[in-house]
Each structure stands twice: as structure tokens, then as C-alpha cells.
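Summary of structural features
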Amino acid sequence: MYRERTDAVASGLMAYEDDNATRPRGSGKGELFELARKVASHSYSPYSGFRVGAALRLSGGQVVVGTNVENVSYGLTICAERAALVTAVSQFGPEIRIVAVAVANLNDAPSPPCGACRQMLAEFTLAEALVEFASADGVRTMAFSELLPLAFEMKRR
Ligand code: ZN
């Protein structure tokens, strides 16, 4: 189902404005997923061989992508979703709100966001944000609140 891609997305900081010419053409639906799939080609995953990409759409229209970066210690590995999230905050600041998420891989395997990424995303993602990910039945779309119904929250006083 997922074709290997050799064309890489633009190097450097992985942010695309909505009108950016580097954005692949697309109908809108599935476009974020396609960006996630593209950035998966940058994955550093020599240990698992599992190449994952994530794309986040922010409320301002910007799209930020990330890929998984493994480490020889295994435990220090960072997932594509968290890589994209920290990039988004780094580039656009702590007030960002994520309105859509896509997670793809080049392994033709299911890749829903892991528990750690769901919790990290919860800090910035709207409850109604749609999350697209590769599942056993093809690409699946769920509301974020459905994906993580009981996120840990700390009441701020
Ligand atoms: Zn994860």
C-alpha cells in the first residue's frame, strides 16, 4: 500500500505555509497524510527499520512535519509525532494549537500514535482535531478526543 519514495521533502526546517510552493499538490483531504509519508523518507531508524513521518496542521494554517529518530540506546528514540511537536513549538511558540495530525510510515504497517505521543500532543491539540493514521484497515481518521479520552491534565490555579 505504501510505496517507497525517494524524493525528499525540502531540507532544513520542516515547516510549510499553506501557500508554499514546496507543498505537494493535493485535493486537501489526505494532503497532510501525504506530507507525513514524504517526511518518513528522512527517518533515522537503523535499529527497527520502521520509517515513520508525522505532519501537524496548526490553527494558523502552518504545517510542521517530523520523523522518528532512533538511538543506539533504544530508550532515547523519539517518535515522529513528538519530533514534529517540538519543532512546531520551537518555530511558532508555545501558543500553537494543533488542528489536524497525520501519521504515516513506509513499512506498510499500522502506525497509530503511541501513548507517549498522544499525551504529548494533548497539551497542544484541540479535542476535535482529526488524526489520520495508517491502520490495519488502511488510513483511519479519528477525533483526538477519541484517540486519548482521558489525557492527564493538571489543573492550573
Ligand atoms: Zn510515539
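Calculation criteria
- Residues numbered from 1 in each chain as written.
- Predicted model: local features only at pLDDT ≥ 70, side-chain atom pairs only at ≥ 80, totals over all residues.
- pLDDT = per-residue confidence, 0-100.
- Contact = placed C-beta atoms within 7 Å.
- Buried ≥ 20, exposed ≤ 12 C-beta atoms within 10 Å, placed from the backbone.
- Helix = DSSP H or I, 4+ residues; strand = E, 2+ residues; numbered from the N terminus.
- Core = buried A, V, L, I, M, F, W, Y, C linked by C-beta atoms within 7 Å.

**Comments concerning the confidence of the model for the protein**
Summarising the model, the protein shows a mean pLDDT of 86, and 82% of its residues fall at 70 or more. Contacts of residues 1-28 to residues separated by more than four positions or lying in other chains number 35 contacts, the stretch itself having pLDDT below 50.

**Digging into helix H1 (residues 31-39)**
Given 3.6 residues per helical turn, the α-helix brings residues three or four places apart onto the same face. Counting buried residues along H1, seven of its nine residues qualify, which places the element largely inside the surrounding structure. Listed as buried for H1 are Leu-32, Phe-33, Leu-35, Ala-36, Arg-37, Lys-38 and Val-39.

**A look at the nonpolar core**
Ranked by internal contacts, the top residues of the largest apolar core, which has 36 residues, are Ala-36, Ala-54, Ala-55 and Ala-102. Every element with two or more residues in this core is listed here: H1, strand S2 (52-58), strand S3 (63-67), helix H2 (80-92), strand S4 (98-105), helix H3 (115-122), strand S5 (125-135) and helix H4 (144-147). Per-element tally for this core: the top contributor is S4, with six residues. Sequence-distant contacts of Ala-36, that is, excluding residues within four places in its chain, are made with Gly-53, Ala-54, Ala-55, Val-65, Ala-102, Val-103 and Ala-104.

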